[in-house]
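# What the coordinates show
Here is what each chain is made of, one letter per residue.
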Amino acid sequence: MPATLSITAMVPCFNEEECIEQAYLRIKEEVYPYGDAEILFIDDGSTDATLPIIKRLAAGDPRVSYISFARNFGLESAFTAGFSYASKEWTVQLDADLQSPPPEIHKLTRRAVEGGYDAVFAVRTGRQDPWYRRLGTVGHQAIATRILGIELPVHASVFRVVRTSVARKVAACKVSTPYFLATLPLIGARYTTVETAHSPRAAGVAKWSLAKLFRHAADLFVGFSYRPLALIYLAALAAAAAAVALTAAGSGVRPLALASVLLHTAGLGALALLARYLVRVMRGSAGLPRYQIREANVPVRPQDYLYADPHAGSPTDPHPHPEKTTGRAAPASLLQTGNLP
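None of the values given here were measured: they were computed from a predicted structure.

What counts as what
- Residues numbered from 1 in each chain as written.
- Predicted model: local features only at pLDDT ≥ 70, side-chain atom pairs only at ≥ 80, totals over all residues.
- Heavy atoms only, no water.
- Helix = DSSP H or I, 4+ residues; strand = E, 2+ residues; numbered from the N terminus.
- Buried < 20%, exposed > 50% of the residue type's maximum accessible area, 1.4 Å probe, protein only.
- Contact = heavy atoms within 4.5 Å.
- Areas by Shrake-Rupley, 256 points an atom, 1.4 Å probe, with all protein chains shown as cover.
- Arc of directions from axis to C-beta.
- Salt bridge = Lys/Arg side-chain N within 4 Å of Asp/Glu carboxyl O.
- Pairing = 2+ DSSP bridges.
- Axes fitted to C-alpha atoms, helices over the stretch in contact; angles between N-to-C directions.
- Phe/Tyr/Trp six-rings, centres within 6.5 Å; stacked < 30°, edge-to-face > 60°.
- Lys NZ or Arg CZ within 6 Å of the ring centre and 35° of its normal.

Broken down by element type, the protein carries 11 helices and 10 strands. Within the span of the protein, comprising 341 residues, buried residues form 46% of the whole. Across the protein, contacts joining residues at least 24 apart in sequence account for 80% of those joining residues at least 6 apart. About 16,700 Å² of surface is accessible on the protein, with carbon and sulfur atoms providing 61% of the total.

Structural data, given as structure tokens:
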């Protein structure tokens, strides 16, 4: 039996209709014995039956809460909202596909409480993911920490337990590129890692493509380090020096062609990297919300809710559907007393 602990099990999900009910049953078996516990589902704009299933579970279990986004905003936005709306002292983030086995929660919570940490991250052993995902994780973390000087919990995954008040500090940071693993060390939080088991997906298909993995790595590199700019400038200087040397070596076509290729490659690389940094600046100045909530069964802050009147339905829909507009705006008393995160 786990020790008494105030804990939110936060579960981001996107099109997980095949997994969500099994995830609920497995998770509640592990977290409800803590005593003061809840399950918070973050529906990231699912287009299948994920949300109706979650709503059915919530109707039958008062300890189940949910938030549903107006569209798919992405994983970082999903757990940002989850940390913001978790109501317990600790928040453990799990996968809806059950690749992070719920019984492993206890390793994380025990280490956090006994060690006095603000966050404990799972390091997956025997990882049950495609080779390109395993290789990509190792590669991009190695580049980030060893070459670009970005502090990260080494080999950490999104399976983690975090002190909710600290997680909210991270969620509130005005960074152009939200990246929890890189932002947490910047605010001075105490963290560590623990090895945990890893399981194959319970059902369904993975949502991470190679393109998404590359974008995720690029966001980390340019969002938390300026060293890539220095590296590309050094590469451009080296290419220019090599081009000059090749040109001086002879007047043949081959040296000139090689010189041209080197210069063009360096120039295109510099432009591509500068474009990524321009995206970073534009994100920071755009002022767009990280997410918008279409409906929920918890009090929602007005700035996070898509509609001005949470009971009016879509402004473009002349016939609102009550079952689709169950979001509740935060009561004025909560807003005035600051009890909301």
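Once you've had a look at it, read on.
Three or more residues of helix H2 (residues 50-60) are buried, namely Thr50, Leu51, Ile53, Ile54, Leu57 and Ala58. Looking straight down H2, one finds its buried side chains confined to an arc of 160°; they lie on one side. Seen from the buried face of H2, the exposed residues on the opposite side, beyond 90 degrees, are Ala59 and Gly60. Tucked inside the fold, the buried residues of H2 contact strand E1 (5-13), helix H1 (20-31), strand E2 (35-43), strand E3 (64-69) and strand E8 (293-296).

The topology assignment puts Ser157 in the loop between helix H5 (131-147) and strand E6 (160-163). Look past the residues within four positions of Ser157 in its chain and what remains in contact with it is Phe121, Ala122 and Arg124.

Let us look at the pattern of salt bridges. The tally for this structure, following the rule as stated, stands at seven salt bridges. Between Asp304 and Arg301 there is a salt bridge whose closest N-O contact spans 2.7 Å. Salt bridges linked by common partners bring Asp118, Arg163 and Arg190 together as one network.

Attention now goes to the sheet that holds E2. What the eight strands build is an open sheet, ordered E7-E5-E6-E4-E1-E2-E3-E8; its pairing is mixed. For this open sheet the edge positions go to strand E7 (191-197) and E8, each flanked by a neighbour on one side alone. On average, each strand axis in the sheet is tilted by 20° relative to the strand beside it, whichever way the strands run. Sheet analysis places E1 next to strand E4 (residues 90-93), joined by four bridges and oriented parallel. Bridge pairing in E4 places Met10 opposite Gln93. Sheet contacts for helix H3 (residues 75-85): E1, E2, E3, E4, E6 and E8; angle to E1, the most-contacted strand, approximately 155°. Packing of helix H6 (residues 164-172) onto the sheet brings it into contact with E4 and E6, and relative to E6 it is tilted by some 90°.

Quick look at the packing of aromatic side chains now. Applying the stated rule across the entire model yields seven aromatic pairs. Between Phe69 and Tyr291 the ring centres are 5.3 Å apart and the planes differ by 10°, which places this aromatic pair in the stacked class. Residue Phe69 is found in strand E3, and its partner Tyr291 is found in the loop between helix H10 (253-286) and E8; the two are separated by 222 residues along the sequence. Accessibility classification places Phe69 together with Tyr291 in one group, the buried group. Chaining the aromatic ring pairs together yields one cluster made of Phe69, Phe73 and Tyr291. Over the ring of Tyr32 we find Arg63, and its NZ or CZ is 3.8 Å from the ring centre. One Lys or Arg, Arg160, reaches over the ring of Phe79 and ends 4.5 Å from the middle of that ring.

Keep in mind these values describe shape, not function.
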